[in-house]
Structures are given as C-alpha cells and as structure tokens.
Amino acid sequence: MAATLTEPAVLAAAKDTLYPDLDTSSDHYAVTETQFTKPNWGGWEIPDELRRRLAPYNTIRLADGEPDLLGVGMPALEVLNADATTTPVAVIEAKGHNNDPSAADVRTGIDQAHGHLSEVNIGYVAAPIQSISDQARALARDLNIGVIGVESPYDATLIEPARVTGVGDFSTTIDAIRFQATTHRLTEGSFPVNHPKNYLGYALALAADGDTADIYSEYVINSVSGGRRGAILLGLVDNRPDGETLTHLGAEVVRFARTQHGTVDAALDEFASWKGRSTPFTDLASRWAQFARSVAIQYDPTQLIIEALERLHQRGIKPATIDDVAREACRINQPLTVEVFFTQSRREDILTADGDIDESVLIDPTVYKSGIHFQFKYHLRHIGLLTEGGTDDKDEVLSSEWTLNQAVGL
C-alpha cells in the first residue's frame, strides 16, 4: 500500500467521483490548488497521469485557508437538501498518507472543510477509507461535512453525504471559478466569433418566428454555434434544460431592435446587410454599437481588461502589450485573469506551487488563449473600447497594441 493513497491520489479519486462528467458537462467546473503542481509529495514523485487528472489548476485562497479543490455544480453523489441550490460551490480537503493509509488525519480535514462553509455551499473531506472512524463520521455529520472514502487512486465511495448550507458574499476567487463554470465547454472563457452583432443577432433570431438556427444562419452568420455560445457568455440567452430562453438583458435587445426598426424581422434585414462587413461597428451602426458596448461592459473580462489598461495608462504604459495587461490584471484579480487569459494546458508553467504567477512565462505567446488576443480583442475594438483589433498570428501576439480609446484616468 506504500504511496498509493497519498494526498494527490486521494484528491484525484474524490474529484473523479464527485464530478465524473467534467469533460462533457456544460455547467460543471473544478480547479485544483496550485500546491499540487509540485513534482513530488513528501518524497513521492507524482505521476504525470495523476497530474493530468487533477488539472486545471488555479490559486484558491479563501478566508479560512486554501482548500485542495474547488468545484462548481451539483456533485454526482447524494447531497442533502440539494433543492436549496442549482449550482452549488463545493470544496474538498484531501487527507492521505505516503506509507500508512489508515494514519491519514481525517479530523483535521473535517475541521478544514468546515472552516470554508462561510464561503461555499458544500464541504467534503476525502481520505483513505481505512482511516475513517465512526467518531470521524459522527463529527462530519455534526458539522455538515460530506465524507468520501477512497479505496484506490481510481475508486471512492460516499460515506457520509454533504448538506447544502447558506453562504454569504463570494470571494473574488469563487467569483472567478463560478465565471469559468458558466463558460466551461463553451469557449473556455474566450469569444468564439469577433463581431458584437453576432451575439445580438442570436437574441433576435431566438425571438423571431421560425427555427432559430435557420433564421440566424440566413440573416446573421453561418456559425450558429459560435453566435449561440457568445450570446450565452454575454448573458443574453439562458440555456435551460427545457430549452433556450432570453434573459432580461436579451429581452432588451429585442426591445431596442423594435425601437430602432419597428419589428424584429426588419432588424434582422438590417443585420443581413452587415454580413461580411469589416467596418468597425461604431462606424457601421453607431447606436447598435453603443448598445453592444453597454452589454459588454457587464461582462467580467471586459471590466478586468479596462481596469488593467486604465492603471497601465495612468503609469504611462501606452500602448500596452498583452503581457503588460495580463500582469496588471493579475494584480487586480489573479484567479479571474488565469481563467480568462491562459490556456488550461499551460497553467502549470504559469502558476508556481505557492500560487503566484511566474511572470517570466508571460512573454511566451503560446500561453494565451487565442480568444483573448483575437476574437475578444476585435470585439472590444468594434464597440469602441480599444483602438486596435486582435490577431490570430502567435508571432504577433506580443507586439499587438492594447490601448483604450478614452482612458478616464488621464
């Protein structure tokens, strides 16, 4: 049994058991704390395959410490009082042992998980099954903590179900992970197409009479899935189990269209005339561009980028480059920056085991999501926030300029 149920192995088994459909679920997401990016654990070398199971990583700093894993979405196992929330935030504290699985410190794990309940909805402790005593189970029940018994690095069993608890204000870390959960399996937090009309147009197509996909491809663009994903990201459309519906913000798109053009059909005819046009949206349709800007400014990544550029401009860094923006954005909200800017496959290169950013890696253009330096940057130019559009050429990523059209702080 030596080194088979170390803490990383216990955590991987618990993650796979609680969230078995992360690769296919559109509303589940989980990140592992950066301490698990270390190459070894107490002298035991962490296998690459195990590290892949634990990915992606991010810095998880809550008021009561750093949980081993933070997940969003209802776990696959039984949850008491599950109807109290649809997308709970859960933490896992893992306890293992390199030599003697029965010696894992389960009680400490329960206390640690309980300490996070002021910020999350569900807390779990995961430990080798032979280390979980009746006394530990009783303590977990008293503190509303779920217990997961791990039998092997790939097998785990629910010993005590967790109970959904109330929660106060979310921390910036949890807000960032919740944001990523809403975009998971959509675009990894980046935009799929680069013109704001394509997202507004999806709301109109959904409101029109007829098949949404057919109407959208005829009047807006052929990439129906891209427009749909963007509309969901911007909060115009809610993808519910019983079908898509307009949000309050999406309904405002329809009202604006009727005010401008009389009917949704007339608005779609206007959208059709914009097909293939590269003219900035501010010049092509200034009132629609202003409306699109009011929508985009409610999107967390937009606010993050604008604040970072404002700070950089105030220090005389203009134009900025993407590494300048990413570095400053990390100072504002590092967890959100990691989710928005960097590809999941390179997070181990960017994040240190202590949860800090290795800034030397920021000059590597391959660490950035193409959506941030291509589609999303073009989107911000079309609505008049940035002076320059994006690039899909990795050789130009680091030289592409990031400048606000109007910097308030200057």
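Everything below is about the structure shown above.
Residues numbered from 1 in each chain as written. Predicted model: local features only at pLDDT ≥ 70, side-chain atom pairs only at ≥ 80, totals over all residues. Heavy atoms only, no water.

(A) Layout of the environment of Asp-324. Tracing the sequence through the fold places Asp-324 in helix H14 (residues 322–341). The class of Asp-324 is buried, set by a relative accessible area of 18%. For the pair Asp-324 and Phe-271, spaced 53 residues apart in sequence, the C-alpha separation works out to 36 Å. Asp-324 has contacts with Leu-312 and Ile-317, leaving out every residue within four places of it along the chain. (Helix = DSSP H or I, 4+ residues; strand = E, 2+ residues; numbered from the N terminus. Buried < 20%, exposed > 50% of the residue type's maximum accessible area, 1.4 Å probe, protein only. Contact = heavy atoms within 4.5 Å.)

(B) Focus on a negative patch on the surface. Residues Asp-209, Asp-211, Asp-214, Glu-218, Asp-265, Asp-269 and Glu-270 make up a contiguous surface patch of negative charge. Of all the secondary structure elements, the ones that give two or more residues to the negative patch are helix H7 (212–219) and helix H10 (264–273). If one sorts the elements of the negative patch by residue count, H10 sits on top with three residues. Relative to the helices and strands, Asp-211 resides in the loop between helix H6 (197–207) and H7. Since its relative accessible area comes to 43%, Asp-211 is described here as partly exposed. (Patch = residues over 30% accessible without salt bridge, like charges linked within 9 Å, V, L, I, M, F, W, Y side chains within 5 Å. Areas by Shrake-Rupley, 256 points an atom, 1.4 Å probe, with all protein chains shown as cover. Salt bridge = Lys/Arg side-chain N within 4 Å of Asp/Glu carboxyl O. Lys, Arg positive; Asp, Glu negative; His and termini not counted. Charge placed at Lys NZ, Arg CZ, Asp CG, Glu CD.)

(C) Molecular detail of empty space enclosed by the protein. Going through the model one piece at a time under the given rule, you end up with one cavity of 30 Å³ or more. Listed by contribution, the elements that provide at least two residues to the lining of the largest cavity are H6 and helix H12 (286–296). Residues that form the lining of the largest cavity fall into these classes: seven nonpolar, one polar and no charged. (1 Å grid on protein atoms, 1.4 Å probe; cavity = no way out; pocket = protein on both sides within 12 Å on 5 of 7 lines; lining within 4 Å. Points joined across faces, edges and corners; volume = space filled by probe spheres on them. Nonpolar A, V, L, I, M, F, W, Y, C, P; charged D, E, K, R; others polar.)

(D) Representation of the environment of Asp-48 in the model. Inspection of the secondary structure assignment puts Asp-48 in helix H2 (residues 48–54). Owing to a relative accessible area of 54%, Asp-48 belongs among the exposed residues under this scheme. Residues Asp-48 and Asp-134, spaced 86 residues apart in sequence, show a C-alpha to C-alpha distance of 35 Å.

(E) Spotlight on the pairing of strand S1 (residues 29–33). Most of S1 is tucked away: five of the five residues are buried. In this sheet, strand S5 (residues 69–72) lies alongside S1 in antiparallel orientation, the contact comprising four bridges. Counted as the bridge partner of Tyr-29 is Val-72 from S5. Judged from the two bridges that link them, S1 and strand S4 (residues 57–58) form a sheet pairing that is parallel. In the sheet register, Glu-33 faces S4, and the bridge partner there is Asn-58. (Pairing = 2+ DSSP bridges.)

(F) Structural detail: the pattern of salt bridges. All told, the structure shown has 18 salt bridges when counted by the stated rule. For Asp-356, the salt bridge goes to Arg-61, with nearest N and O atoms at 3.4 Å. Within this pair, whereas Asp-356 is found in the loop between helix H15 (347–350) and helix H16 (370–373), its partner Arg-61 is found in the loop between S4 and S5, the two being separated by 295 residues in sequence. Judged by its relative accessible area of 38%, Asp-356 falls in the partly exposed class. A salt bridge links Asp-324 to Arg-327; its shortest N-O distance comes to 3.6 Å. Highlighted residues: Asp-324 and Arg-327, both in helix H14, separated by three residues, approximately one helical turn.

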